[in-house]
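Below, each chain spelled out in residue letters.
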Amino acid sequence: MPPMLALWGWVIVTVILFRALRPAQALVCCLLGAYLFLPVKASFDLPGLPTFNKHSLPAIVAAVMTATVAARVAGRPWSTAAQGTGRILPGWTPGHPLMRALFVVAVLSVGLSALVNNDTLVYGPTVRRGLGPYDAGSMVLAMAVALLPFLLGRRMLADEAGRRVLLWGLCLFASVYAALALFEVRMSPQLNMMVYGFRPSAWIQHLRGNGYRPMVFLEHGLRLGIFLTMATLVACGLSRIDRRRRTVCLLAAAWLFGTLVLSKNLGALAIGLLLVPVALFLSTRLQIVIAAALAGTVLFYPLLRSADLIPTDRVVGLFEKFSGEDRAGSLKYRLVNEDILLEKAMQRPVLGWSSFARNRVFDPETGRDLSVTDGVWVIVIGESGLIGYMGKFGLLTVPILMLARRPRQVEASTAVLALVMVANLSDMIPNSSLTPITWLIAGALSGRLEQAPASARAAAETAADPPARGRLARTRGRAPSDEGSDIPEDSPPQPAMRATPYTRQTTLHSRSRRG
């Protein structure tokens, strides 16, 4: 199939999904299907606009369809179609003040970084040009499009029904995807070549020992590994949320975890071994607390790394002990690159060096690139500085930290999504695994954060409402029609009202009796 045909054909698929399914279901199917099955290198560029690819185009079309659904619901809230759409949060920007501020910082920081990096960098024959207002505007627009899944998740998946749609979507799509991954484990990574006619990355990167590391239609096998880890956590969480399908969910978790083991992704497997017992055996309160601890560690990882508070030598030693010298050497190479990239990033710590490879390290004489950028955190901090890092990673971590302040009020579905998010966040330290699915989950958690004050008020009203027996005792002297009146509940019982309505005949009858 021609890659561009598949990409633009997804526009029609998205419209059909929003017409055939509920909005939350259509959104999850649209973004998950596009991320998992569309080709990687298919893209379309227009001057001044973001690149249209498998990440941006489905999100833009889904945003248009969501706006259409929201307008229809606002215009006819009493209709049957509007009542079946589920809850849609108002507005396109986050309603929580802190999340709104982080969103603005994440979007504008890339533009400000481009404006302050107007100098030309020369490393021997290698030249990196300075940036200007045109670049700043283009980067701001590209960042806004990249955050569309976050905004859509926040608006459409904020309630309990929306979160469960997201969880079941991840579980079902991953279960199907695992079969394709197992095919590539046996037959080598060739599905992308068979369907779209090209390989998204070098063949040697997918050779592991005596076998292969699958990638199916993703950019790299590492992204497939962390996706399988996240889906395994989802299946484990659903086994405790949906008791009627507990056996099915546990079988799905075993299927996904077995595929993860065979996919030869050591880092993703280590994250799964750490968090799967948490999802299976610990309470919801402990799950959200553990997720908040890991999220806080990732949020402040650059500071901890700069202060040498991360035991990197011990981690490398563990890899040498359990995985061999090759994997340990790869990890050590990444840590060395993190050190040199972080050192250059701290030369412009506020807004970074912007994009176009200005954040990389070059030999000053030969101009040869000396660095390899793998982790998302070091890329973001090098391009947008500490301000951009706190804005982008704040959107990913702050909802978990805020929800953990009241762990007893967190639902099981929210705790599972938090665990899935911190699994992805943990993988962002060594790898580049920030995807639209990451932003979609973060948006759902941000929407849940907006619902927290409303839920707390509803719980307070319920707690303040006296028991039914007390209400019956207070209303024993009142007429049934007075239940909705404005009489204070602490007022003395009112005299019983006449059951027979007053009419002209009853009035004349009463006068004749008095006469």
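Residues numbered from 1 in each chain as written. Predicted model: local features only at pLDDT ≥ 70, side-chain atom pairs only at ≥ 80, totals over all residues. Heavy atoms only, no water.

Participant: How do you make sense of the pattern of salt bridges when you look at a structure like this?
Facilitator: Think of it this way: side chains of opposite charge can pair up when their charged atoms draw near. Inspection of the entire model under this criterion finds 14 salt bridges. Of the charged contacts, one joins Arg-129 and Asp-135 as a salt bridge, the two residues approaching to 3.1 Å between their closest N and O atoms. A salt bridge links Arg-164 to Glu-160; the shortest N-O distance between them is 2.9 Å. Taken together, the positions of Arg-164 and Glu-160, both in helix 8 (residues 160–187) and four residues apart, correspond to about one turn of that helix. A relative accessible area of 26% places Glu-160 in the partly exposed class. Beyond isolated ion pairs, a larger network of salt bridges with shared partners links Glu-160, Arg-163, Arg-164, Glu-411 and Arg-448. (Salt bridge = Lys/Arg side-chain N within 4 Å of Asp/Glu carboxyl O. Helix = DSSP H or I, 4+ residues; strand = E, 2+ residues; numbered from the N terminus. Buried < 20%, exposed > 50% of the residue type's maximum accessible area, 1.4 Å probe, protein only.)

Participant: Looking at this structure, I do not really get the layout of surface pockets. What am I missing?
Facilitator: One way to see where empty space is left: roll a probe the size of a water molecule over the atoms. There is about 1100 Å³ of room inside the second largest pocket. Along the wall of the second largest pocket there are 31 residues; nearest its centre are Ala-142, Met-143, Ala-146, Glu-383 and Lys-392. Put simply, the parts of the chain that give the lining of the second largest pocket at least two residues each are helix 3 (56–75), helix 5 (97–116), helix 6 (133–146), helix 17 (376–403) and helix 19 (436–464). Within the lining of the second largest pocket, the residues separate by chemical class into 16 nonpolar, eleven polar and four charged. (1 Å grid on protein atoms, 1.4 Å probe; cavity = no way out; pocket = protein on both sides within 12 Å on 5 of 7 lines; lining within 4 Å. Points joined across faces, edges and corners; volume = space filled by probe spheres on them. Nonpolar A, V, L, I, M, F, W, Y, C, P; charged D, E, K, R; others polar.)

Participant: When you look at the packing of aromatic side chains in this model, what are you seeing that I'm missing?
Facilitator: Within a pair of aromatic rings, the relevant descriptors are the distance that separates the centres and the angle that separates the planes. A complete count under the given rule lists ten aromatic pairs for this structure. Arranged with centres 6.3 Å apart and planes meeting at 45°, the rings of Trp-8 and Phe-52 form a pair that is tilted. You can see Trp-8 sitting in helix 1 (residues 3–20) and its partner Phe-52 sitting in the loop between helix 2 (23–37) and helix 3, a full 44 residues away along the chain. Judged by its relative accessible area of 37%, Trp-8 is partly exposed. Phe-52 sits in the buried class, given a relative accessible area of 15%. (Phe/Tyr/Trp six-rings, centres within 6.5 Å; stacked < 30°, edge-to-face > 60°.)

Participant: Explain the packing of helix 8 against helix 10 (residues 221–241) here, please?
Facilitator: Two packed helices can be described by the angle between their axes and the distance between those axes. Where helix 8 meets helix 10, the closest approach of the two axes is 9 Å, and the angle between their N-to-C directions is 130°. Taken as axis vectors, helix 8 and helix 10 run oblique relative to one another. Considering the relative orientation of helix 8 and helix 10, their crossing is left-handed. On helix 10, the residues that touch Arg-164, Leu-167, Trp-168, Leu-170, Cys-171, Ala-174, Tyr-177 and Ala-181 of helix 8 are Leu-224, Phe-227, Ala-231, Val-234, Ala-235, Leu-238 and Ile-241. Its residues assigned to classes, the contact of helix 8 with helix 10 shows 14 nonpolar, no polar and one charged. (Axes fitted to C-alpha atoms, helices over the stretch in contact; angles between N-to-C directions. Parallel < 35°, antiparallel > 145°, perpendicular 65-115°, else oblique. Left-handed = near helix turned anticlockwise from the far one by under 90°. Contact = heavy atoms within 4.5 Å.)

Participant: Can you help me understand the nonpolar core in this one?
Facilitator: Inside soluble globular proteins, nonpolar side chains tend to come together where they are buried. The biggest cluster of nonpolar side chains holds 132 residues, and the ones touching the most others in it are Phe-393, Ile-400 and Ile-441. At 13 residues, the largest contribution of residues to this core is made by helix 17. (Core = buried A, V, L, I, M, F, W, Y, C linked by side-chain atoms within 4.5 Å.)

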